[in-house]
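# A structural walkthrough
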Amino acid sequence: MTLLSVVLPVYKVQGYLRQCLDSLLEQHFTDFEIVAVDDCSPDNSGMILAEYAARDPRVRVVTLAENAGLGHARNAGLDHAIGEYVWFVDSDDWLAQGTLTAVSDKLAATRPDVLVLGYDRVNWDGRVTVPAAARILTDAPATFSALEYPPILEVLHVAWNKVVRRDLLLRLGLRFETGWYEDVSYTFPLMAAAERISALGRICVHYRQRRTGAITRTLDDRHFEIFDHWGHAMALVDKFAGERAEALRPLMFQRMMWHYLVVLKNNQRVKKASRERFFARMAEDYKRYKPASGYAVTGRANTLRHRAIAQGSFKGYRNVMRTQRVVRLTRKARNAPLTRAKRVAKKGRDSLLRAYYKLQLRQPIDQNLALYAAYWYRGVTCNPAAIARKAAEIAPGIRNVWVVGKGRAKNVPPGVDYVVAGSPEYYRALARARYLVNNVNWPNWVVKREGTTHVMTHHGTPLKMMGMDQADHPAAAKDQNFEAQMRRADRWDFSVTANAHTTIAWERAYPCRHETLEVGYPRNDRLVTASEEEVAALRAKLGIRPHERAILYAPTHREWLPAGRQVLDVEALADRLGPDTVLLVRSHYFYVAADHQAQQSRGRIVDVSAYPIVEDLYLAADVMMTDYSSAMFDYAVLDRPLVVFAPDWQVYQELRGVYFDLMELPPGTVATSFDQLADVFLTGEYAGPAAAAQRARFRAKFCYLDDGKAAERVVRRVLLGEKAA
């Protein structure tokens, strides 16, 4: 039996339909069918469906004789579905990558009657928000009923966020009704009847917020249809829930009244002339369905609204709403000066601190102070950290101090001296430090004092173009102010490079007067000197068992893609590679928040995006998989297998600009499609002699300086003033 039938009602969605279908058909999970129901759509939607059905047998098109509406279209799709589970997806929404694999895994693990899915809202202007109810899904037990976990009823009551066991729908005879709010009379009876519900907290559906056409933005008396659907829902809950119905009734009643109030107070739904009549219908349902055992109401204003409804007093309800509006406006007016005052205070504080910085610039330079930073104050890491460790060892007269952001201070290792960015101590250290060591640039306003030494360590060997070389590749440069970039680079006294390739690239990218220290990258010293015992301890710390193959996946950032958009379905890959493979997934640091957990496991996938020391991950991994990340140059130091997943190399090469053709000089096996990538691992090609030969050629060009002494060479030249022999 097919696992999943996706029922896709289609009506006037020609602008969105291809995106929806592609998001389904391009998933790596394949055990599903699409039952697309053409509800006599008057646009080109039918033609698009025919095109997709002709090229993919998983797409079946059901064409209705006349327009029947969303509910009947869904029913027609259900009648033609053959899957064990059915999912009613709206054809103007689309699925996140990896969704079907994640859904399949969750269904196999929990065997639920209903699986409730996470989603985000994508506004027509591009804004994306995740609803507050998302926490309900992530906090849910493995399986539960609505009575055992009532918060599940607070998740948006729609059909498209629920995957349902088909035989449950058939056994109940549950069908969609016609009219607006048809999801109400489907969702709540379904949730009441389901004995096993599970939740998938990840974003599965991108819920499109259309600028026009949505009923939530349509002023019409059809909003009165909500009462019929809730009445039908209440009757079906009593019918389906059996002995649980009595206990469920207060929860359903509470949700019903919440829904009525949401619709009534929305000026884009109920006409002004119809509001009193709408309120009267609410009051009727209040009396009809109010549980004898009572129900919970929270908040003073809400309590007053419910009291007015119980009394049937539209005037009382209106007075509550007016009072609330006055309170809200009063609070806003009261807070406006406070908000302005806070802004003014912040500006004033910043001005005072800048003035303090300028005063500190007049003070003597602290000849023994070295100030370090990495990745815009994200923590103690990368090349600066390796230099600081070596300085503590062979230049003990130097006091090493780090700059970290406020949210990162808690992660500073014990015994490390630091200042918090934005504090008076930060400005004082910036003004008076003899040495300033960073892997990115200091802020524009930082003054390069005579007698101070600025060291730029960089944070990667360049494949993609940087600095002035980005001028011809606008997709690569978020900062198009190249003059400002060069002013920042003019402050460098030393530029640390990993090899001759990097030296040449930086000379073009940053044509400034600095001394190049072509000594290798200090952060890679540890990769050369680590012992087998250290590697074993790191693998144990990460939960990798001795017999398991650990693959570190480190994709790069693509400036032209929406934030978080991934090019690889890691869940599907984990499934293909089997139980003895662990995927360590490390997102680009641009996507990692300060409070992100350092290590989060999802079965055979471990999210290590916020793990603070990337060298630990290199040492623990048996193989690295990347696309175009500079991490490949570092990992190659270990002389372990590397796999390049390059499905969009030509696009990357054109938009981002590169210093050499990675396809001509790869660090190992290259895969350009998902199936090819899986085969590389399944066949062992990634660790074969051809891959080893490619890696040897790559290492000869980029890793020849990595001998474990790069940090010492920097410290001796910069902090101790020793010249190379």
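Before any of the text, the structure's been laid out above.
Keep in mind it's a predicted model, so treat the numbers as computed, not measured. (Residues numbered from 1 in each chain as written. Predicted model: local features only at pLDDT ≥ 70, side-chain atom pairs only at ≥ 80, totals over all residues. Heavy atoms only, no water.)

## Section: the overall build of the protein
Here is the rule we go by: Helix and strand definitions here come from DSSP, where helices need a minimum of 4 consecutive H or I residues and strands a minimum of 2 consecutive E residues; each element is numbered from the N-terminal end. Each residue is assigned to one of three classes by its accessible area relative to the maximum for its type, calculated with a 1.4 Å probe on protein chains only: buried under 20%, partly exposed between the two thresholds, exposed over 50%. Contact definition: two residues touch when any of their heavy atoms are within 4.5 Å. For the area figures, the Shrake-Rupley method with a 1.4 Å probe applies, and any residue is considered shielded solely by the protein chains shown. The charge count treats Lys and Arg as positive and Asp and Glu as negative. His and the chain ends do not count. For charged residues, the charge sits on one atom: NZ in Lys, CZ in Arg, CG in Asp, CD in Glu.
Scanning the protein from N- to C-terminus turns up 25 helices and 23 strands. Referenced to the eigenvectors of the C-alpha coordinate spread, the extents of the protein come out at roughly 90 × 65 × 45 Å. Classification of the 725 residues of the protein by burial places 54% in the buried group. A separation of at least 24 residues holds for 74% of the contacts in the protein among residues at least 6 apart in sequence. Here the protein displays about 32700 Å² of accessible surface, and carbon together with sulfur accounts for 51% of that area. Of the side-chain charges in the protein, 99 are positive and 81 negative, and the distance between the mean point of each set is 11 Å.

## Things to note about unusual backbone geometry
Among all residues except glycine, the phi angle is most often negative; among peptide bonds, the trans geometry is most common. One non-glycine residue, cysteine 382, lies in the positive phi region at around 60°. Along the polypeptide, cysteine 382 turns up in helix α13 (residues 382-394). Even without a glycine there, the phi angle at histidine 458 is positive, about 60°. Following the sequence through the fold, histidine 458 ends up in the loop between β14 (453-456) and α15 (482-489).

## Some remarks on the pattern of salt bridges
To be explicit about the condition: Salt-bridge detection follows one rule: a side-chain nitrogen of Lys or Arg within 4 Å of a carboxyl oxygen of Asp or Glu.
Applying the stated criterion across every chain yields a total of 37 salt bridges. A salt bridge links glutamate 84 to arginine 111; the nearest nitrogen and oxygen atoms lie 2.3 Å apart. Remark: arginine 111 occurs in the loop between α4 (99-110) and β6 (114-123) and glutamate 84 occurs in the loop between α3 (70-80) and β4 (85-88); sequence separation between them is 27 residues. The exposure class assigned to glutamate 84 is partly exposed, which follows from its relative accessible area of 21%. Using a relative accessible area of 34% as the deciding quantity, one classes arginine 111 as partly exposed. A salt bridge links aspartate 622 to arginine 539, with the shortest nitrogen-to-oxygen separation between them at 3.1 Å. Within this pair, whereas aspartate 622 is found in the loop between α20 (614-620) and β21 (623-626), its partner arginine 539 is found in helix α18 (residues 532-541), the two being separated by 83 residues in sequence. Each of Arg74, Asp90, Glu182 and Asp183 takes part in salt bridges that share partners, so that together they form one network.

## With respect to the nonpolar core
Put simply, the rule reads: By nonpolar core we mean a set of buried residues, namely Ala, Val, Leu, Ile, Met, Phe, Trp, Tyr and Cys, connected to one another through side-chain atoms within 4.5 Å.
Grouped together as the largest cluster of nonpolar side chains are 73 residues, with contacts concentrated most on Phe88, Ile152, Leu169, Tyr186, Phe278 and Met282. Those residues in contact with leucine 169 that lie beyond four places of it in its chain are Leu78, Val86, Phe88, Val164, Leu174, Tyr186 and Leu190. With 40 residues, the next largest nonpolar core counts Ile544, Val608, Val614 and Tyr618 among its residues.

## Digging into the pairing of strand β10 (residues 366-373)
Inclusion rule: Whether two strands pair depends on DSSP finding at least two bridges between them. By convention, orient the strands away from the viewer: a clockwise path from the first strand over the helix to the second makes the crossover right-handed.
Two strands pair when backbone bridges link them, and β10 and strand β13 (residues 433-438) are joined in this way by 5 bridges, in the parallel orientation. Across the sheet, the residue bridging to tyrosine 372 is valine 437, located in β13. Judged from the 4 bridges that link them, β10 and strand β11 (residues 399-404) form a sheet pairing that is parallel. When the sheet's bridge partners are listed, leucine 369 is paired in β11 with arginine 399. Tracing the backbone out of β10, into α13 and back to the parallel element β11 gives a crossover that is right-handed.

## Describing the side chain of threonine 457
By the secondary structure assignment, threonine 457 is in the loop between β14 and α15. Since its relative accessible area comes to 0%, threonine 457 is described here as buried.

## As for the environment of threonine 626
Secondary-structure assignment places threonine 626 in strand β21. Since its relative accessible area comes to 0%, threonine 626 is described here as buried. Sequence-wise, threonine 626 and leucine 642 are 16 residues apart; in three dimensions their C-alpha atoms are separated by 7.9 Å.

## Focus: the sheet that holds β11
Backbone hydrogen bonds hold the strands of a sheet together, and the pairing may be parallel or antiparallel. Under the convention used in this document: Fitted lines through C-alpha atoms give the axes, limited to the stretch in contact for helices. The angle between two N-to-C directions lies from 0 to 180 degrees.
Strand order in the open sheet made by the 7 strands is β12-β11-β10-β13-β14-β15-β16, with parallel pairing throughout. Two strands close off the open sheet at either side, each with one partner strand: β12 (417-420) and β16 (515-518). Each strand of the sheet is rotated relative to its neighbour by a mean of 25°, with strand direction disregarded. Both β11 and β12 contribute to a ladder of 4 bridges, which runs parallel. Bridge assignment links valine 401 to a residue of β12, and that residue is aspartate 417. Packed on one face of the sheet, α13 meets β10, β11 and β13 and runs near 160° to β11. Lying over the sheet, helix α14 (residues 424-432) contacts β10, β11, β12 and β13, oriented at roughly 105° with respect to β13.

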